[in-house]
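# Tertiary structure, described
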Amino acid sequence: MALVLRLMFLCALLCIALAYTENGGIMDCCLSVSRKRIPGRIVANYLRQEPADGCRIRAVVFITVRSRRLCAPPYKYWVRELIHMIDQNAKASSW
């Protein structure tokens, strides 16, 4: 009985450890992506989600000015344009 409890405890620890990302937080993965174009005026930042991060799909996660996370397909042209716009704004504000 004690061995079973120890194994269950170790399994739980392993699951928790696998859920953590490199930066110490728990990764909140996109399960699907939106097909609708996301307006640039509501987007504050973005991050990329990769299968290597422990998520099932590749996506670009746009973070809105209201801290919502919107998942988009990385291969769409409008997504690449929005990423470029955010990068340019970040570069201009760092001057």
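Parameters at a glance
- Residues numbered from 1 in each chain as written.
- Predicted model: local features only at pLDDT ≥ 70, side-chain atom pairs only at ≥ 80, totals over all residues.
- Heavy atoms only, no water.
- UniProt positions renumbered as here; feature names shortened; annotations may be inferred.
- Phe/Tyr/Trp six-rings, centres within 6.5 Å; stacked < 30°, edge-to-face > 60°.
- Helix = DSSP H or I, 4+ residues; strand = E, 2+ residues; numbered from the N terminus.
- Buried < 20%, exposed > 50% of the residue type's maximum accessible area, 1.4 Å probe, protein only.
- Polar contact = N/O pair within 3.5 Å; in protein donor to acceptor, adjacent residues only side chain to side chain.
- Disulfide = S-S within 2.5 Å.

- The protein is annotated in an unreviewed UniProt entry as C-C motif chemokine of Callorhinchus milii.
- Recorded in UniProt for the protein, the comment headed Subcellular location (unreviewed entry) runs: "Secreted".
- The record in UniProt for the protein states the following under Sequence similarities (unreviewed entry): "Belongs to the intercrine beta (chemokine CC) family."

### Remarks on the packing of aromatic side chains
- One pass over the full model with this rule turns up 1 aromatic pair.
- Note on Tyr 46 and Phe 62: the rings are 6.5 Å apart at their centroids and 55° apart in plane angle, and the pair reads as tilted. Highlighted residues: Tyr 46 in strand β1 (residues 43-49) and Phe 62 in strand β2 (residues 59-64), separated in sequence by 16 residues. Accessibility assignment for this pair places Tyr 46 and Phe 62 in one class, buried.

### Remarks on the side chain of Gln 49
- As for its placement among the helices and strands, Gln 49 is situated in strand β1.
- By relative accessible area, Gln 49 is classed as buried at 0%.
- Among the polar contacts listed, one links the side chain of Gln 49 to the backbone nitrogen of Cys 30, at a separation of 2.7 Å.

### Re the state of the cysteines
- Following the criterion strictly, the structure yields 2 disulfides and no others.
- For Cys 29, the disulfide goes to Cys 55, at an S-S distance of 2.0 Å. Given an S-S torsion of about -70°, the disulfide between Cys 29 and Cys 55 has left-handed geometry. Taken together, the positions of Cys 29 in the loop between α1 (2-19) and β1 and Cys 55 in the loop between β1 and β2 put the pair 26 residues apart, joining distant regions of the chain.
- Overall, the relative accessible area of 26% leaves Cys 29 in the partly exposed class.
- There is a disulfide in this structure between Cys 30 and Cys 71, and the S-S distance comes to 1.9 Å. One disulfide, between Cys 30 and Cys 71, carries an S-S torsion of -80° and so falls in the left-handed class. You can see Cys 30 sitting in the loop between α1 and β1 and its partner Cys 71 sitting in strand β3 (residues 69-72), a full 41 residues away along the chain.
- Overall, Cys 30 belongs to the buried group, its relative accessible area being 4%.

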